[in-house]
Amino acid sequence: MGSILNDERNAQRLLKMTAGTLILLDESGNCIDIQVQDEGLWFLNEKLLKGQNLFNLFPQETYRQLYPNFRDVLTRKCVSSQSYEMKLNDQTYYFRCTMQPYDNLVLCQYKDITESSIQRREILKRNKELDEIKQRNLPKTEVYTVIAELIDKYIHQNYRNPISIDMLCKEFSFSKNHIINIFFNSKINFHWNIATNSTIK
């Protein structure tokens, strides 16, 4: 069997499965071309964006975060991959934008991460509540269970089994002991497994 990934006949299909929305910008930020994959997002529309200067359409806060990285890519010929927040019509969207040089243009890869970002913020919010409960010496089992349920859903949707404890610590800025306490003090059956090479110290 020949190489499936290197077969040009499969290029378009593979692109749709992996790339997200691709946007080609000139040095001023004008949209030269666009290939939309996130069809459920109303603002990612070829008729709406092609030929427009995207930096004139971004909310001011998103522009301030994204534009310096765009200039770096354009002038230093480097790659930038960052997560951003964008508020449109009283709704907040989160996305990851990977920008890289494409001749004298900038190729932007847009991936919507709104759902996972909201989940992660909810986990951190519940963890803050847990800290407050600890300080007041109140029963913690219910809060542990809530956090565990949120982590379980987040990991199940965003990662493949097995999951290492180190990854969980990095993802949520939790200590290993804190992760273990969440596991053993909650009352749920997890949808995923801890990697066998994880260590508990």
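Residues numbered from 1 in each chain as written. Predicted model: local features only at pLDDT ≥ 70, side-chain atom pairs only at ≥ 80, totals over all residues. Heavy atoms only, no water.

S.K.: Whenever I open this one, helix H5 (residues 141-158) confuses me. Can you help?
M.R.: Quick reminder: α-helices carry 3.6 residues per turn. Residues three or four places apart thus point the same way. When the terminal C-alpha atoms of H5 are compared, their 26 Å separation across 18 residues agrees well with the 26 Å that a helix rising 1.5 Å per residue should span. Looking only at H5, the buried set comprises Val143, Tyr144, Thr145, Ile147, Ala148, Ile151, Asp152, Tyr154 and Ile155. (Helix = DSSP H or I, 4+ residues; strand = E, 2+ residues; numbered from the N terminus. Expected span 1.5 Å × (residues − 1). Buried < 20%, exposed > 50% of the residue type's maximum accessible area, 1.4 Å probe, protein only.)

S.K.: Explanation requested: the nonpolar core in the structure shown.
M.R.: One recurring pattern in soluble globular proteins is that nonpolar side chains are buried together. Ranked by internal contacts, the top residues of the largest apolar core, which has 24 residues, are Phe43, Phe70 and Met99. Of all the secondary structure elements, the ones that give two or more residues to this core are strand E1 (21-25), strand E2 (31-35), helix H3 (60-76), strand E3 (80-88), strand E4 (91-102) and strand E5 (105-112). Look past the residues within four positions of Phe70 in its chain and what remains in contact with it is Leu25, Asp26, Glu27, Gly29, Phe55, Met99 and Val106. Listed in part, the 19 residues of the second largest apolar core include Ile123, Tyr154, Ile163 and Met167. (Core = buried A, V, L, I, M, F, W, Y, C linked by side-chain atoms within 4.5 Å. Contact = heavy atoms within 4.5 Å.)

S.K.: Is there a simple way to think about the pattern of salt bridges in this case?
M.R.: One side chain can pair with another of opposite charge once the charged atoms of both are near each other. Summed over the entire model, instances satisfying the criterion amount to six salt bridges. Here Glu85 makes a salt bridge to Lys87, at a shortest N to O gap of 3.9 Å. A relative accessible area of 26% means that Glu85 is categorised as partly exposed. A salt bridge links Asp166 to Lys176; the nearest nitrogen and oxygen atoms lie 3.1 Å apart. Of the two residues, Asp166 is situated in helix H6 (residues 165-172) and Lys176 in helix H7 (residues 176-185); the sequence distance between them amounts to ten residues. Linked through salt bridges whose partners overlap, the residues forming this network are Asp33, Glu46 and Lys50. (Salt bridge = Lys/Arg side-chain N within 4 Å of Asp/Glu carboxyl O.)

S.K.: What am I meant to see in the pairing of E3 here?
M.R.: The two faces of a sheet get side chains in turn, since along a regular strand they alternate between them. Taken together, the nine bridges between E3 and E4 define a ladder with antiparallel strand orientation. Pairing of Gln82 across the sheet is with Cys97, part of E4. (Pairing = 2+ DSSP bridges.)

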